[in-house]
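# Topology and contacts: notes
Letter by letter, the chains look like this.
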There are 6 protein chains.
Amino acid sequence: MLTSATIDRVVSAALEEDAPWGDVTSETLIPADAVATASLVAREGGVFSGGAVFAAAFRLVDARTRVELLLADGDRFEAGTALATVTGPARSVLTAERVGLNFVQRMSGIATLTAAYVAEVAHTGARIADTRKTTPGLRAFERHAVVSGGGHNHRFSLSDAVMAKDNHLAVLAASGVPLTQALQEALARLPHTTHVEVEVDRLDQIDDVLAAGVGTIMLDNFSIEDLRRGVEQIAGRAVVDASGGVTLATVREIAETGVDVISVGALTHAARGLDLGLDIDLRLPDPV
Amino acid sequence: MLTSATIDRVVSAALEEDAPWGDVTSETLIPADAVATASLVAREGGVFSGGAVFAAAFRLVDARTRVELLLADGDRFEAGTALATVTGPARSVLTAERVGLNFVQRMSGIATLTAAYVAEVAHTGARIADTRKTTPGLRAFERHAVVSGGGHNHRFSLSDAVMAKDNHLAVLAASGVPLTQALQEALARLPHTTHVEVEVDRLDQIDDVLAAGVGTIMLDNFSIEDLRRGVEQIAGRAVVDASGGVTLATVREIAETGVDVISVGALTHAARGLDLGLDIDLRLPDPV
Amino acid sequence: MLTSATIDRVVSAALEEDAPWGDVTSETLIPADAVATASLVAREGGVFSGGAVFAAAFRLVDARTRVELLLADGDRFEAGTALATVTGPARSVLTAERVGLNFVQRMSGIATLTAAYVAEVAHTGARIADTRKTTPGLRAFERHAVVSGGGHNHRFSLSDAVMAKDNHLAVLAASGVPLTQALQEALARLPHTTHVEVEVDRLDQIDDVLAAGVGTIMLDNFSIEDLRRGVEQIAGRAVVDASGGVTLATVREIAETGVDVISVGALTHAARGLDLGLDIDLRLPDPV
Amino acid sequence: MLTSATIDRVVSAALEEDAPWGDVTSETLIPADAVATASLVAREGGVFSGGAVFAAAFRLVDARTRVELLLADGDRFEAGTALATVTGPARSVLTAERVGLNFVQRMSGIATLTAAYVAEVAHTGARIADTRKTTPGLRAFERHAVVSGGGHNHRFSLSDAVMAKDNHLAVLAASGVPLTQALQEALARLPHTTHVEVEVDRLDQIDDVLAAGVGTIMLDNFSIEDLRRGVEQIAGRAVVDASGGVTLATVREIAETGVDVISVGALTHAARGLDLGLDIDLRLPDPV
Amino acid sequence: MLTSATIDRVVSAALEEDAPWGDVTSETLIPADAVATASLVAREGGVFSGGAVFAAAFRLVDARTRVELLLADGDRFEAGTALATVTGPARSVLTAERVGLNFVQRMSGIATLTAAYVAEVAHTGARIADTRKTTPGLRAFERHAVVSGGGHNHRFSLSDAVMAKDNHLAVLAASGVPLTQALQEALARLPHTTHVEVEVDRLDQIDDVLAAGVGTIMLDNFSIEDLRRGVEQIAGRAVVDASGGVTLATVREIAETGVDVISVGALTHAARGLDLGLDIDLRLPDPV
Amino acid sequence: MLTSATIDRVVSAALEEDAPWGDVTSETLIPADAVATASLVAREGGVFSGGAVFAAAFRLVDARTRVELLLADGDRFEAGTALATVTGPARSVLTAERVGLNFVQRMSGIATLTAAYVAEVAHTGARIADTRKTTPGLRAFERHAVVSGGGHNHRFSLSDAVMAKDNHLAVLAASGVPLTQALQEALARLPHTTHVEVEVDRLDQIDDVLAAGVGTIMLDNFSIEDLRRGVEQIAGRAVVDASGGVTLATVREIAETGVDVISVGALTHAARGLDLGLDIDLRLPDPV
């Protein structure tokens with residue numbers, strides 16, 4: 001899970017974006033001493049993710065608010081379930097509401113969509129993985145949500161694993177050295193902990209790449225038939241990663257080809273925020 | 001448009017997220033002295049937005065890269081159009097590629113979706129507006145994209161306009177003072193530049209709110225029939241803002257009720273990234 | 001009110017500026033286990049503002065300090081009143097003292113000066129408003145202080161309201177289109193929540209501007225006589241904002257012309273820090 | 001002078017505060033291709049300070065703007081003098097105007113006020129020094145301005161020099177060890193580069209402090225007569241620093257007592273911004 | 001290589017630490033219009049690293065300075081070699097000198113020490129790798145320096161590879177499930193790109209770990225004899241990583257046992273800064 | 001001591017560097033509800049420094065962890081001593097371990113090395129001082145550690161004291177004015193709190209510098225014999241600071257020459273991290 005240091009940095013910035021000089025509505029219309037008790041309630045079913053981030057939004061608006069999480073990240077819930085409770089000064093609860101919801105809706109939305117993909121392939125050995133198509137600034141949060149949904153993470157960044165694509169292979173090809181050898185020589189410069197994945201567009205590229213000893217071969221935009229052939233050809237000598245426009249409608253068939261990993265950009269870039277709401281009960285101070 | 005100060009801060013953070021300790025793939029496979037010439041090409045038609053942000057990504061990876069924008073934000077383009085050119089050290093161009101694309105795809109996607117909504121209502125007097133349902137940290141960028149698409153911005157944050165909702169009205173109602181009077185008294189505390197919008201759920205709430213002299217009345221989740229009645233009832237005495245689950249399928253009918261503004265959360269939270277790609281031409285140094 | 005996120009960011013930076021590598025005086029002269037009890041005491045009367053910011057200074061030097069606020073922001077006090085109490089390790093209390101005082105003196109000074117202006121115009125319908133002539137980095141704090149003093153805020157920034165001045169009008173005038181029409185066309189591009197204020201230098205500019213339907217007309221550097229004429233001419237069709245070198249000596253007369261708003265740059269750029277002091281009672285550990 | 005790193009950090013933050021999502025006025029009313037040529041002109045005479053900071057504001061809004069400084073920091077000028085020229089896209093020049101002016105007005109105001117104090121004491125050996133009563137976040141800028149005006153800086157922060165006051169002396173006094181000895185023992189723990197200044201409230205405190213070998217004795221809130229006696233008593237064995245409510249009306253008499261340094265909090269906390277303006281000449285693109 | 005965004009952020013912070021309110025020595029003693037030409041000269045031989053970081057220090061003090069790098073990172077040099085030239089205002093060159101040198105000395109020191117280790121094992125198949133024992137805040141810079149010296153990087157952080165140690169294995173052991181099976185089940189939850197390394201303290205742990213299919217086995221603090229046995233036992237089925245108090249005196253013998261990787265914390269935590277100096281030639285302006 | 005604001009900023013950045021997207025090992029292998037009790041134990045004797053920084057690492061990973069410090073900074077300890085205890089969720093304790101240790105090992109290493117130097121000169125009047133050869137970003141932490149070890153700090157930065165070296169003197173010499181006079185004139189521009197130290201390379205430079213009234217003369221790279229002569233020649237009229245390649249082997253002899261300060265760059269740039277370890281006791285939840 002993310003450190004408090006990371007969560008506080010990102011949520012503070014979001015709050016300063018959404019309330020740079022306070023919340024004029026609440027300050028104008030809500031008495032300073034009104035108190036709110038609120039429930040985070042699911043308007044639809046799904047998978048929970050982002051509890052600690054939701055809680056941070058309220059604490060970082062006002063240290064006097066209290067958030068109790070009723071579910072853990074990764075828990076499934078039905079529509080109508082209370083996911084967390086919040087209490088505190090009413091103005092502060094209203095000020096933090098949208099930022100807190102934005103994060104937990106987005107993260108639970110990703111977790112829920114991921115879970116749907118995972119369910120489609122549960123009868124196979126394939127795993128569902130995310131991609132780098134995440135929101136700038138929020139990658140660690142969105143990756144966490146994928147795991148909450150039962151998915152797996154792919155490489156986090158350009159720094160932590162190799163993903164060689166057409167441009168990279170073209171450069172090796174132009175070197176005059178046979179591809180397998182060129183690739184081997186290049187990969188020897190990498191950290192021994194760096195996984196190497198190579199993307200191929202055609203079946204006839206596989207053997208040269210495989211001979212170089214790479215960890216994963218990504219079959220990009222292959223037909224179902226070619227995926228099956230690719231799996232056979234690779235025959236367990238590398239992880240097989242299928243990618244390219246995968247949807248909920250196609251993922252099952254892809255998984256049944258025997259691939260090991262299915263990379264789904266849609267998990268993060270196409271997930272919609274889950275419909276979660278904050279039911280707020282305001283208590284006004286007694287008139288004197 | 002955003003200042004360079006803002007663009008550089010946000011894009012720098014995105015680059016540090018995506019390449020915290022460099023791009024292992026390019027550094028391993030691409031010679032240090034290879035040069036790249038690249039075109040940002042539209043794989044589908046749309047409306048351009050985010051040119052300056054795209055350019056910043058390359059400059060902030062490596063000050064030696066050069067980006068020329070061929071379109072201005074807000075320009076329409078067909079599939080196949082070249083939108084910008086990039087030249088520079090091949091490793092740096094490849095390192096910046098994903099972050100640059102992420103921003104310009106997201107922003108052009110929002111602009112394009114906005115333009116679709118705008119086109120649906122062009123024969124009416126209604127304008128299409130965004131909401132606060134934006135990505136944490138990217139609100140200024142996403143709002144800019146809405147304008148590129150011909151849409152209008154709504155309030156930016158909790159700080160710059162009042163949006164009174166059920167909770168706020170309930171507090172006023174509980175005060176024992178008639179709603180109109182309570183609202184008037186509260187609003188007198190606001191800056192004279194602060195616009196006041198009040199959300200109502202039923203037609204019978206309109207008169208009390210209107211009497212308080214608010215600037216905009218938001219009709220939330222009204223039927224088409226009730227929207228029409230609301231417009232009649234308000235009769236030009238306030239701006240009428242329709243909101244609640246607006247889609248491309250329903251926006252035309254809503255606009256035709258005579259409302260002034262249609263707030264569409266989907267512009268930012270449901271836009272998909274536009275399909276833009278970077279066609280890269282690598283030139284290797286001559287062998288000696 | 002400002003979020004904790006904002007207060008902590010700004011106060012942390014101030015502390016790092018004032019004690020980048022500690023407080024050599026206290027560390028040299030005060031035993032590590034000495035304890036301080038301190039009172040924030042008014043050396044002169046005024047209006048309180050900045051309590052939460054004062055408290056943050058002590059907490060961010062040392063989490064073991066405790067601050068109790070005895071007044072709320074906006075409360076009036078006489079010379080000699082205790083405004084807050086602080087307890088904690090003596091070194092930490094002494095280290096935080098100046099930064100804590102800097103903020104609360106500045107903010108209470110602004111609140112107190114604002115209250116003086118407000119008192120001058122209390123018998124009229126005019127409100128006292130701040131301007132953008134604030135200290136770089138502290139605008140949200142200074143605006144909060146103006147409200148503590150009974151004043152109103154003007155627009156916060158270049159982003160949240162239009163203020164068209166001579167340069168802007170000159171551009172419209174040069175377009176060949178009549179000013180009213182040019183203004184109307186331009187303003188139609190704005191968010192419906194964006195208030196439009198236009199500054200005029202002469203009475204004869206008012207009609208064209210008014211015809212465009214703007215929200216506020218600023219009468220800049222008008223004589224008392226011309227202010228009175230301007231109010232008559234505008235006749236309630238726009239808010240009237242008087243500005244230009246307003247002082248405590250002139251504000252009453254200006255208010256009596258019937259203007260709605262008086263913008264006073266002096267509230268923030270000419271307020272002096274209020275004379276508040278920290279009376280510290282040090283308790284040394286018993287000798288063993 | 002400040003590094004570019006410092007200037008850019010502080011000015012970027014100021015710009016993001018003043019135009020968090022752009023400048024709605026300029027974007028609405030000024031054509032994107034209009035060009036501005038502007039002069040920074042003195043509306044009153046004074047001493048220039050902050051040229052590099054002024055220039056940074058325009059560059060950080062838009063890298064295409066160009067600023068030429070016509071005076072160096074510390075130069076004197078008459079009303080009507082052009083201090084700098086700016087050229088660039090008109091929208092960007094207008095967006096940066098207020099932030100650029102805020103800094104240069106504040107800094108030149110401090111430099112000018114400092115120069116007035118310095119002129120009062122020019123016939124004596126006394127120097128005018130600033131204090132820590134600076135604006136949070138802007139201390140380095142304000143200190144630079146004091147030097148531009150011919151003043152001297154005092155210690156920058158709690159970290160770089162000792163300033164022992166009543167509380168500190170009281171602790172030493174309570175230790176049971178004679179003050180001189182207690183002070184000597186404590187000061188021996190300091191860096192050899194750390195200057196020690198001790199504030200005294202009465203003449204009878206001087207001898208004990210002096211015997212401890214301190215660098216400077218601050219005579220706080222002394223009468224003119226007592227200042228003269230203090231100077232005689234100290235007799236060159238320490239720097240003599242006079243402080244406490246010094247004004248332009250009293251500074252000459254204080255200087256003539258023979259003190260070495262006069263600490264004037266007013267230099268920074270009571271300086272008003274100098275009246276500098278930006279005369280802008282907009283050139284519209286030719287109609288096609 | 002690191003992005004400009006990363007280099008500028010870290011070097012700016014270092015400059016603000018070393019010259020928070022300017023360089024009093026240069027500003028006092030060097031005329032503002034003096035110009036400096038300087039050479040970065042090696043006082044001892046070594047391997048260069050950090051050229052771009054060195055250059056940034058001068059640019060971020062003053063954009064008018066120019067740095068030309070005469071060597072590329074990774075190049076070897078003898079004592080007396082000029083590595084870079086700097087020209088610019090003399091004050092700025094002197095202000096940036098120490099921060100620029102600090103980085104390039106530290107990075108070249110690490111590169112040079114790494115090269116010494118690499119030379120010791122060049123006749124074997126072993127590679128020299130760094131560890132996480134880096135300086136807080138400078139890991140990316142220090143890792144880059146290791147590569148400049150011909151070494152390899154190990155995992156960057158806790159996030160990008162698994163390193164299971166005694167505590168982790170103890171937990172698995174306590175689960176009641178056989179270690180191999182427990183490890184397999186746990187590892188199945190990881191990203192397919194995440195390399196798994198397990199640290200063992202005794203030869204008898206190897207088989208269980210190996211059976212779980214891990215990528216690397218770290219033999220921690222093994223005797224030379226046990227390293228040799230470990231290599232035989234593993235027999236190419238996993239990468240073998242030797243660690244624990246490796247020194248220049250012992251690394252050759254360790255490499256000759258046949259291990260694949262030797263992790264050397266000393267590369268970063270025990271490297272001394274290389275002796276590089278800036279020879280400065282000041283040119284004073286002609287007297288008028 | 002450093003403020004919480006400074007500690008939290010630096011430690012948060014270190015944690016984000018070491019665990020940018022969590023700790024994959026602990027999250028994979030340790031149950032979420034396992035609890036850890038840990039002791040920070042000395043593997044070798046030394047002097048403690050950095051307790052508050054160590055504690056912050058755990059708190060900033062997870063606010064539920066608790067750290068109790070058993071020693072104060074500056075306390076001596078033997079091998080085997082427990083220095084602090086930590087309790088909290090096991091995953092969080094393991095995640096924070098390396099960053100917490102990195103700081104406390106580095107700081108205690110500096111304190112311990114400093115104490116060794118101090119012990120060598122304890123029979124003399126000389127003090128051991130640090131230099132600016134510190135780690136970029138960590139200077140305040142490393143200086144604090146020097147004090148923990150009984151050493152003294154030298155100037156912190158370029159901003160807080162003058163250190164004139166050969167380049168500066170050469171400029172003065174070139175001015176045509178006698179050095180003493182040129183130096184006096186220049187120094188008169190400094191704050192009265194700014195200590196002036198001048199570095200000389202030869203005995204014959206001393207008199208001119210001394211005549212200008214400087215605070216400290218640094219004898220740089222002098223032989224023992226020349227140091228003794230320098231001390232005699234200066235005769236108490238300035239602090240004498242010896243510097244240049246001082247080691248534990250030479251420091252005693254240097255101190256016995258009668259110098260006042262010995263500046264030792266090695267305190268910070270050559271200290272090795274002290275061998276401190278975290279003994280962790282994991283408690284797994286009971287099986288249900």
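Residues numbered from 1 in each chain as written. Chains lettered and ligands numbered in written order. Predicted model: local features only at pLDDT ≥ 70, side-chain atom pairs only at ≥ 80, totals over all residues. Heavy atoms only, no water.

The helix and strand inventory of chain A stands at eleven helices and twelve strands. C-alpha atoms of chain A, sized along the principal axes, occupy 90 × 35 × 25 Å. Expressed as a percentage of its 288 residues, the buried residues of chain A come to 62%. The contacts of chain A with a sequence gap of at least 6 include a subset with a gap of at least 24, amounting to 71%. With the model as given, the accessible surface of chain A reaches about 10,300 Å², and the carbon-plus-sulfur share is 50%. Across chain A, 24 positive and 38 negative side-chain charges occur, with their mean positions spaced 2 Å apart. (Helix = DSSP H or I, 4+ residues; strand = E, 2+ residues; numbered from the N terminus. Buried < 20%, exposed > 50% of the residue type's maximum accessible area, 1.4 Å probe, protein only. Contact = heavy atoms within 4.5 Å. Areas by Shrake-Rupley, 256 points an atom, 1.4 Å probe, with all protein chains shown as cover. Lys, Arg positive; Asp, Glu negative; His and termini not counted. Charge placed at Lys NZ, Arg CZ, Asp CG, Glu CD.)

The subject of this paragraph is the sheet that holds strand β6 (residues 127–129) of chain C. Residue and element names in this part refer to chain C. Taken together, the six strands give an open sheet; going across it, the order is β6-β11-β10-β9-β8-β7, and neighbouring strands pair in parallel fashion. Of all strands in the sheet, those bounded by a partner on one side alone are β6 and β7 (162–164). Taken over all neighbouring pairs, the strand axes of this sheet differ in orientation by 25° on average, direction set aside. The pairing of β6 with strand β11 (residues 261–263) spans three bridges and is parallel. (Pairing = 2+ DSSP bridges. Axes fitted to C-alpha atoms, helices over the stretch in contact; angles between N-to-C directions.)

This part takes up the relation of the copies chain C and chain D. For the match of chain C to chain D, the screw axis carries a shift of 0.0 Å, the RMSD comes to 0.0 Å, and the turn is 180°. Taken together, the rotation angle and the small translation identify this as a two-fold axis. When you check the interface residues of chain C against chain D, 100% turn up at the interface there too, and the contact is symmetric in its surfaces. (Least-squares fit on C-alpha atoms with pLDDT ≥ 70 in both.)

Inspection of every chain in the model, using the stated rule, returns 78 salt bridges over all chains. The shortest N-O distance in the salt bridge between Arg 139 of chain D and Asp 18 of chain C comes to 2.5 Å. Residue Arg 139 of chain D is found in helix α5 (residues 139–148), and its partner Asp 18 of chain C is found in helix α1 (residues 4–18); the two belong to separate chains. In this structure Arg 139 of chain D comes out as buried when scored by relative accessible area, which is 2%. With a shortest N-O distance of 3.1 Å, Arg 229 of chain C and Asp 226 of chain C are connected by a salt bridge. Taken together, the residues span about one helical turn, with Arg 229 of chain C and Asp 226 of chain C both in helix α9 (residues 224–234) at a distance of three residues. (Salt bridge = Lys/Arg side-chain N within 4 Å of Asp/Glu carboxyl O.)

Let us now look at helix α3 (residues 51–61) of chain A. Among the eleven residues in α3 of chain A, nine count as buried, and that is most of the element. Among the residues making up α3 of chain A, those that are buried are Gly 51, Val 53, Phe 54, Ala 55, Ala 56, Ala 57, Phe 58, Leu 60 and Val 61 of chain A.

All names here are of chain A. Along the chain, the position of Val 53 falls in helix α3. With relative accessibility at 0%, the residue Val 53 sits in the buried group. When the C-alpha atoms of Val 53 and Val 196 are compared, they prove to be 33 Å apart, with 143 residues separating the residues in sequence. Setting aside its immediate chain neighbours within four residues, Val 53 contacts Ile 7, Val 11, Phe 103, Met 107 and Phe 141.

This part takes up the packing of aromatic side chains. For the structure on display, the rule yields 21 aromatic pairs over all chains. Between Trp 21 of chain C and Phe 156 of chain F, the aromatic rings sit 3.7 Å apart at their centres with planes inclined by 5°, giving stacked as the arrangement. In this pair, Trp 21 of chain C is assigned in the loop between α1 and α2 (24–29) and Phe 156 of chain F in the loop between α5 (139–148) and β7 (162–164), connecting two distinct chains. Comparing Trp 21 of chain C with Phe 156 of chain F, the two get one shared label, buried. Judged by centre distance (5.0 Å) and plane angle (65°), the rings of Phe 54 of chain F and Phe 58 of chain F are edge-to-face. Taken together, the positions of Phe 54 of chain F and Phe 58 of chain F, both in helix α3 (residues 51–61) and four residues apart, correspond to about one turn of that helix. In this structure an aromatic cluster arises from ring pairing among Trp 21 of chain A, Phe 156 of chain B, Phe 156 of chain C together with Trp 21 of chain D. Arg 139 of chain B extends its terminal NZ or CZ atom over the ring of Phe 156 of chain B, reaching a point 5.7 Å from the ring centre. (Phe/Tyr/Trp six-rings, centres within 6.5 Å; stacked < 30°, edge-to-face > 60°. Lys NZ or Arg CZ within 6 Å of the ring centre and 35° of its normal.)

Residues and elements named next belong to chain F. One open sheet accounts for six strands, arranged β6-β11-β10-β9-β8-β7; its pairing is parallel. Either end of the sheet is taken by a strand with one partner, and the two such strands are β6 (127–129) and β7. With direction set aside, neighbouring strand axes in the sheet form an average angle of 25°.

Listed by partner, the interface residues are 54 residues for chain C and 54 residues for chain D. In this assembly, chain C and chain D are joined by four salt bridges. For the pair chain C and chain D, the number of links is 26 residue pairs in polar contact (both at pLDDT 80 or more). The set of elements that each furnish at least two residues to the side of chain C that touches chain D consists of α1, α2, α4 (90–120), α5 (139–148), β7, α6 (166–173), α7 (179–187) and β12 (276–283) of chain C. When residues in the side of chain C that touches chain D are grouped by element, the largest group, six residues, is from α4 of chain C. Across the side of chain C that touches chain D, the residue classes break down as 29 nonpolar, 14 polar and eleven charged. (Polar contact = N/O pair within 3.5 Å; in protein donor to acceptor, adjacent residues only side chain to side chain. Nonpolar A, V, L, I, M, F, W, Y, C, P; charged D, E, K, R; others polar.)

When helix α6 (residues 166–173) of chain B is considered as a whole, its buried residues turn out to be Asn 167, His 168, Leu 169, Val 171 and Leu 172 of chain B. Along its buried surface, α6 of chain B packs onto α2 (24–29), α4 (90–120) and β12 (276–283) of chain A together with β7 (162–164), α7 (179–187) and β8 (196–200) of chain B.

Tracing the chain through its elements places Arg 155 of chain F in the loop between α5 and β7. At 3.0 Å, the side chain of Arg 155 of chain F forms a polar contact with the backbone oxygen of Ala 161 of chain F. The contact partners of Arg 155 of chain F, leaving out residues within four places of it in the chain, are Thr 193 of chain D, Thr 25 of chain E together with Arg 132, Arg 143, Asp 160, Ala 161, Val 162 and Met 163 of chain F.

Across chain A, the average pLDDT comes to 94, with 99% of residues at 70 or higher. This prediction of the complex comes with two scores: 0.94 for pTM and 0.92 for ipTM. (pLDDT = per-residue confidence, 0-100.)

What follows concerns the nonpolar core. Of all hydrophobic cores here, the largest spans 187 residues; its most connected members are Ile 262 of chain B together with Ile 262 of chain C. The residues touching Ile 262 of chain C, leaving out its near neighbours within four places in the chain, are Val 121, Ala 126, Arg 127, Ile 128, Ala 129, Asp 241, Ala 242, Val 246, Val 251, Ile 254 and Ala 255 of chain C. Listed in part, the 185 residues of the second largest apolar core include Val 11 of chain A together with Ala 34, Ala 38 and Leu 40 of chain E. (Core = buried A, V, L, I, M, F, W, Y, C linked by side-chain atoms within 4.5 Å.)

The next thing to look at is the environment of Leu 71 of chain F. Residue and element names in this part refer to chain F. Turning to its location among the elements, Leu 71 is positioned in the loop between β3 (66–69) and β4 (76–77). Residue classification places Leu 71 among the buried positions, given a relative accessible area of 16%. Separated by 24 residues in sequence, Leu 71 and Val 47 place their C-alpha atoms 9.8 Å apart. Leave out the neighbours within four places in its chain, and Leu 71 touches Phe 48, Arg 76, Phe 77, Thr 81, Ala 82 and Leu 83.

Residue and element names in this part refer to chain E. Contact pair helix α1 (residues 4–18) / helix α4 (residues 90–120): the axes reach a minimum separation of 10 Å and the direction vectors enclose 130°. With respect to their mutual orientation, α1 and α4 come out oblique. As α1 packs across α4, the resulting crossing turns out to be right-handed. The residues of α4 that touch α1, namely those facing Val 10, Val 11, Ala 14, Leu 15 and Asp 18, are Arg 98, Val 99 and Phe 103. (Parallel < 35°, antiparallel > 145°, perpendicular 65-115°, else oblique. Left-handed = near helix turned anticlockwise from the far one by under 90°.)

This brings us to the pairing of strand β8 (residues 196–200) of chain D. All names here are of chain D. Where burial is concerned, most of β8 is hidden: five out of the five residues are buried. The side-chain alternation of β8 yields two buried faces, one formed by Val 196, Val 198 and Val 200 and the other by Glu 197 and Glu 199. Sheet topology note: the strand β7 (residues 162–164)/β8 ladder contains three bridges and is parallel. Bridge pairing in β8 places Met 163 opposite Glu 197. Bridge analysis of β8 against strand β9 (residues 216–220) gives four bridges, and the strand direction is parallel.

All names here are of chain B. Interhelical geometry of helix α3 (residues 51–61) versus helix α4 (residues 90–120) gives an angle of 160° and a closest axis separation of 8 Å. The angle between α3 and α4 places the two elements in the roughly antiparallel class. The hand of the α3/α4 crossing is right-handed. On α4, the residues touching Val 53, Phe 54, Ala 57, Phe 58 and Val 61 of α3 are Ser 92, Val 93, Thr 95, Ala 96, Glu 97, Val 99, Gly 100, Leu 101, Phe 103, Val 104 and Met 107. Taken together, the residues of the contact of α3 with α4 sort by class into twelve nonpolar, three polar and one charged.

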